[in-house]
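# Coordinate analysis (summary)
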Amino acid sequence: MKSFVFFILCCSALSYAQKVDVYSRPRQLERSHDFDVLHYRSRLRCDEPTKSLFGETRITMRPVKDDFKTCVLDAESYIVRSVLDKDRKPLSFAQTKGSLSVSFPSAYHAHDTLAFTVVYDGTNVDVNGEQYG
């Protein structure tokens, strides 16, 4: 009898869980991209009293198309100080509100593997939890 009651409780819990309306959620489309990220390696130092961060992130990626010369990434709430190639030599970059564009000295082919490091910092960082979770 106890197992039957347990079974009924489980079924009622499952039926309740199934009442989620997936169509009422905000729709999020995947952005198109010219690369696949294989690995991120981040080193981050935070100063909580000043809400500051100092870090660098090494990004290893693979282009999905030939003639890959520019990589565009999100860049919110921090300032990029430099972008370095795999030998730690500077790469050309431009940061606009919300994005970072990195230019490579030569084009890469589809399925080549490349890596670069983004050095950044931010002061009085206040991340929007509604937007970024």
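Computed from a predicted model, the values in this text were never measured in an experiment. (Residues numbered from 1 in each chain as written. Predicted model: local features only at pLDDT ≥ 70, side-chain atom pairs only at ≥ 80, totals over all residues. Heavy atoms only, no water.)

### Describing the pattern of salt bridges
As enumerated under the stated definition, the model contains five salt bridges in all. One salt bridge in this structure joins Arg43 and Glu56, with 3.9 Å as the shortest N-O distance. Here the residue Arg43 occupies a position in strand 1 (residues 35-47), and Glu56 occupies one in strand 2 (residues 52-63), the gap between them amounting to 13 residues. Here Arg43 falls in the exposed class, since its relative accessible area comes to 56%. Close ionic contact of Asp67 with Lys69 constitutes a salt bridge, the shortest N to O distance being 3.9 Å. With a relative accessible area of 48%, Asp67 lands in the partly exposed category. The class of Lys69 is partly exposed, set by a relative accessible area of 44%. Here the residues in one salt-bridge network are Arg43, Glu56 and Arg88, joined through shared partners. (Salt bridge = Lys/Arg side-chain N within 4 Å of Asp/Glu carboxyl O. Helix = DSSP H or I, 4+ residues; strand = E, 2+ residues; numbered from the N terminus. Buried < 20%, exposed > 50% of the residue type's maximum accessible area, 1.4 Å probe, protein only.)

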